[in-house]
Amino acid sequence: WQKRWMNSEYKPDLGKFKLAAGKFYGDAVRDKGLQTSENSKFYAISSRFKPFSNKGKTLVIQYTVKHEQKIDCGGGYVKIFSSNLDQKNLSGDSHYYIMFGPDICGSETKKVHVILNYKNKPHPIKKPIRCKVDGYTHLYTLIIRPDQTYEVKIDNEMVASGNLEDDLDFLPPRKINDPTVRKPTDWDDRIQIDDPNDIKPEDWDEPEYIMDTSAEQPEDWDDAVNGEWHYPMVKNPLYRGEWKPRQIDNPNYRGVWPHPQIDNPNYLPDFSIYSYENISIIGLDIWQVRAGTIFDNFLITDDEVYAEDFGDETWGETKGPEKEMNIKQTEEEQERERVTEEKYFEQRFKKKLERKKESGNDRAVRNTVKKEEL
């Protein structure tokens, strides 16, 4: 694999990949993949293949990701590049065609990226797609078709699909609001209004802070040093804040005004936004706080059926045994912890008995001495 994959040299302290199946797996040999091995590192590695264009063809990008370390913050996505990429200087600034795959950071970010480059600008998908976070190997598939539709699959099941033009902001909108039309001045779109019959109580206005007249000047207060003494200000328990009338349903509410739309004069259809020339490199350009992710079973093809079968023959055959091995390891670890805990409490119990025995002997000796003295 070292011959097929080239490490970037754009930074001297980039993280290192190693070939490993991880701590648990379905097959010790088949499940070996590229694993991140150092915490809090950037990683950059890529592999080159014969250039091709997906013009007029379906493009399928597929691979497996295993976050066995239960990653808390880090990328698990791949990038597709053109043939002119300088692999030794691969970095986050390198121009890419497609970025696809899971990204996790804290409790907020647990998503699948789908970012396509169009006219030298990256365009992310507008639909939220949640990724898997359970620590097992999962199969990620992106399908881009010549009819400009796309599909995202996780574990060979569709999780998102649509039209590229609709779900990514490649082009200006087909329709825009008619700039010559204005909302009527008598159009009321307020859902609620102030109740005209609600009147502020006379005793409402109380200051927020009042003087604490129960306070006394400290005996050591020196006006020359501290200035003239004043009663301290305290929160007024009668303060009720700014008065606002209660809200009622607006009887004149007419809903949201439907702005008339017209064809956008700046819109021009482009039926080639799905296609790329000289597709030639797949790369991993990621950051990981806690290392241990394994990437495997990379596949780029124009055959959706073949990709699905390939996923079933690789990930599909080892996912069950992988889970069984992990469950067995977890049970064994829990048993070891239980035995260790039992030994710990057993030792504490023995020491407690020994201390009670020693203290009992001491009392017996003291009682004998007292009798002799008497």
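A brief report on the enclosed structure follows. (Residues numbered from 1 in each chain as written. Predicted model: local features only at pLDDT ≥ 70, side-chain atom pairs only at ≥ 80, totals over all residues. Heavy atoms only, no water.)

**Remarks on the nonpolar core**
Counting 54 residues, the largest nonpolar core has Ile98, Phe100, Leu116, Val152 and Leu164 as the members making the most contacts within it. Beyond its immediate sequence surroundings of up to four residues, Val152 is in contact with Phe100, Val112, Val114, Ile129, Thr141, Leu142, Glu157, Met158, Val159 and Ala160. In terms of nonpolar packing, the next biggest core, distinct from the first, is built from five residues, Val60, Ile143, Leu299 and Ala307 among them. (Core = buried A, V, L, I, M, F, W, Y, C linked by side-chain atoms within 4.5 Å. Buried < 20%, exposed > 50% of the residue type's maximum accessible area, 1.4 Å probe, protein only. Contact = heavy atoms within 4.5 Å.)

**Looking at the pattern of salt bridges**
For the coordinates displayed, the defined rule picks out 25 salt bridges. The salt bridge involving Glu68 is made with Lys66; its shortest N-O contact spans 3.3 Å. Glu68 sits in the buried class, given a relative accessible area of 13%. Judged by its relative accessible area of 3%, Lys66 is buried. One network of salt bridges, with partners in common, ties together Lys66, Glu68 and Glu322. (Salt bridge = Lys/Arg side-chain N within 4 Å of Asp/Glu carboxyl O.)

**So, helix H3 (residues 304–313)**
Those residues of H3 not exposed but buried are Ala307, Phe310 and Gly311. Buried positions in H3, seen along its axis, are confined to an arc of 100 degrees and lie on one side of it. For H3, the side-chain oxygen to backbone nitrogen distance between the N-cap and Val305 is 3.0 Å, and the N-cap itself is Asp303. (Helix = DSSP H or I, 4+ residues; strand = E, 2+ residues; numbered from the N terminus. Arc of directions from axis to C-beta. Polar contact = N/O pair within 3.5 Å; in protein donor to acceptor, adjacent residues only side chain to side chain.)

**Details of unusual backbone geometry**
Despite not being glycine, Asn156 shows a phi value in the positive range, around 60 degrees. Position of Asn156 relative to the elements: it lies in the loop between strand E12 (149–154) and strand E13 (157–163). Asn156 sits in the buried class, given a relative accessible area of 14%. With a phi close to 55 degrees, Asn297 is a non-glycine residue in the positive phi region. Take Asn297: it is sitting in strand E21 (residues 294–301).

**Some points on the state of the cysteines**
By the definition in use, this model includes one disulfide. A disulfide bridge connects Cys73 with Cys105, and the sulfur atoms are separated by 2.2 Å. Between Cys73 and Cys105, the S-S torsion sits near -80 degrees, and that sign places the bridge as left-handed. With Cys73 in strand E6 (residues 73–75) and Cys105 in strand E8 (residues 98–105), this pair connects stretches of sequence that are 32 residues apart. Judged by its relative accessible area of 35%, Cys105 falls in the partly exposed class. The cysteine Cys131 is free of any disulfide, with Cys105 supplying the nearest cysteine sulfur at 11 Å. By relative accessible area, which is 5% here, Cys131 ends up buried. (Disulfide = S-S within 2.5 Å.)

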